[in-house]
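Remarks on the overall topology
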Amino acid sequence: YEKFLISNSLTAPLFESNVAEQEKKRQLLNYLSGGIEIPNFLVQHEFNKENQTKKIEYINLKKFYSKKISEQKIQDIYNKNKSFYTETFKNFKYTELTPLNIIGENKYNEVFFNKINQIENKTLDGIDLNEIASDYNLSLNTTGLINKKNDSKLDKKIIQSFFKLKKENTVEFINLDKEYYIVELIKISQVQKDKNDKDVRDSIKAQINIENKINKNSKLAKEINDKSFSRSQMDLFAKENNLEIESTTLTKLEDDNIFSPGVIKRIFETNNKSINLITDNMLKDNFIIYVKDTKLPKIKKQNENYENYKLKAKLRLANDIYNIYDLSLNRKYNVEINNKTLNRIKNSF
C-alpha cells in the first residue's frame, strides 16, 4: 500500500488510476503463476542455484581476524563510550497480595478476587501505595537498589516485571501467573560499569572485532573487484598472514561442515576461475574463495523435485515482472511517499 501514500498533491483520478493499474497487475501475476508454461531453461537455472559440483580453494579468515587486542585499545574505546557502559539499578517498594494477607484465609474465592479488583482500580486511579497498604493492612517491603541480574529473594520473573516500570513514584498492579503484587518504583540510578567488567570487555572486544573485519573486508573486496588480487596474490596473502589455503568440493546448499547454506549460495554464484570474498550476514564467517571448476548437472522432468524447481522459477519470474511493473509505475506517475503519512498509517495497525 505504500505506493498510494503519495504527497498531498495526490488527486482522486490519479489514485483511481493507480488502483486500476494495480488490479491489472494482480490479474496478470495470477495468470502467470497459475497457467503459463515456464521454459525448461528457467527451471534448470533455479536447479543450478542449489545444485552444482564446485571445486574451490579457500582461505578461512578466522585467524586473520583473531589477533590479540591491546589494553590501550580497550581503554581508548572505553573512554570514548563511557555513557554506553552504564547499568540501571532500581529500588522498589512492594507487597504481594495473597488470600491470607487480604482476607485472612488461604482460599482463592470470590471475596478475595473482589478485593483484588478493588486494589487494581485504586492503582489505576493513582492512589498512593502507602494509602492502599494502610486501607488493607498490608506490610510493605523494599528491594534496595537492584539490577535485572541481581540475586534477590524475589523470583527473576518478578524482578523483570518490576523493571518494566519506567518512572519514579509510579504504582503498578502486577498479575503474573496468578501471583498478585502492587509495586512502586522509588528510585532509578545509573551506575558506571568498570572497564574490567566482563560484559564491558566483551562488548568492547566485539566492537573492535567488527570494526576490524569491516575495514579489512572492504580493502580485500576493493582489491578483488579491481582485479589486483589474483590467484597468485592469494598465495602471497596466505603466506604473509600465516594462513592455509584449503580445497573442497561442494555439491549442494545443505549439509556442509565448513560453510553455511548462505555462504554456499554465494559460492555457487561465483564464476569459474574467479576470486570472491564471501561473508555471512553477521560477519562471523569470512572466506576468500577461488573457483577452480564448475559442473552444472541437468535436471530432467522425471526428477522427483522437478515440479518444486518449476514452481520456484514461476514465482521468481512473477516477482521480476512485479518489480519491473512497480518501477515503471513509479516513473509514470513520479510517485513520492509522504513519510509522515506512511508512519501514521503503519502505527495504526
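It should be noted that the structure appears before, not after, this text.
Read on for an overview of the structure.

The rules behind the values
- Residues numbered from 1 in each chain as written.
- Predicted model: local features only at pLDDT ≥ 70, side-chain atom pairs only at ≥ 80, totals over all residues.
- Heavy atoms only, no water.
- Helix = DSSP H or I, 4+ residues; strand = E, 2+ residues; numbered from the N terminus.
- Contact = heavy atoms within 4.5 Å.
- Polar contact = N/O pair within 3.5 Å; in protein donor to acceptor, adjacent residues only side chain to side chain.
- Pairing = 2+ DSSP bridges.
- Axes fitted to C-alpha atoms, helices over the stretch in contact; angles between N-to-C directions.
- Salt bridge = Lys/Arg side-chain N within 4 Å of Asp/Glu carboxyl O.
- Buried < 20%, exposed > 50% of the residue type's maximum accessible area, 1.4 Å probe, protein only.
- Lys, Arg positive; Asp, Glu negative; His and termini not counted.
- 1 Å grid on protein atoms, 1.4 Å probe; cavity = no way out; pocket = protein on both sides within 12 Å on 5 of 7 lines; lining within 4 Å.
- Points joined across faces, edges and corners; volume = space filled by probe spheres on them.
- Nonpolar A, V, L, I, M, F, W, Y, C, P; charged D, E, K, R; others polar.

Along the polypeptide, Thr294 turns up in strand S8 (residues 286-295). Setting aside residues up to four positions removed in sequence, Thr294 forms contacts with Gln52, Thr53, Lys54 and Asn272. At a separation of 3.2 Å, a polar atom in the side chain of Thr294 contacts the side chain of Lys54. Looking at Thr294, its side chain comes within polar contact range of the side chain of Asn272, at 2.7 Å.

Quick look at the sheet that holds strand S1 (residues 51-60) now. The sheet built from 4 strands is open, its strands ordered S6-S1-S8-S7 with antiparallel pairing. Each edge of the open sheet carries a strand with a single partner, namely strand S6 (245-252) and strand S7 (275-279). Each strand of the sheet is rotated relative to its neighbour by a mean of 35°, with strand direction disregarded. Of the pairings in the sheet, the one linking S1 to S6 comprises 7 bridges and is antiparallel in character.

In a structure, side chains of opposite charge can pair up when their charged atoms sit close to one another. One pass over the full model with this rule turns up 13 salt bridges. With its nearest N and O atoms 3.7 Å apart, the salt bridge here joins Lys195 to Glu71. In this pair, Lys195 sits in the loop between strand S5 (179-192) and helix H8 (198-225) while Glu71 sits in helix H3 (residues 71-80), placing the two residues 124 residues apart along the sequence. Take Glu71: its relative accessible area is 41%, and that puts it in the partly exposed class.

Now for the side chain of Lys213. When you line up the elements, Lys213 lands in helix H8. Although Lys213 is buried, it makes no salt bridge; Asp280 carries the closest opposite charge, 7.1 Å away. In this structure the side chain of Lys213 is engaged in a polar contact, spanning 2.9 Å, whose partner is the backbone oxygen of Leu283. Dropping the residues within four chain positions of it, Lys213 is found in contact with Tyr65, Leu283, Lys284 and Asn286.

Attention now goes to the layout of surface pockets. Each pocket or cavity is described by its volume, and for the largest pocket that value is around 290 Å³. In this structure, the largest pocket is lined by 14 residues; those nearest its centre are Lys62, Lys213, Lys284, Asp285 and Asn286. For the lining of the largest pocket, the secondary-structure elements that each account for two or more residues are H8 and S8. Ranked by the residues each element gives to the lining of the largest pocket, the list is headed by H8, at 4 residues. Classifying every residue of the lining of the largest pocket by side-chain character gives 6 nonpolar, 4 polar and 4 charged.

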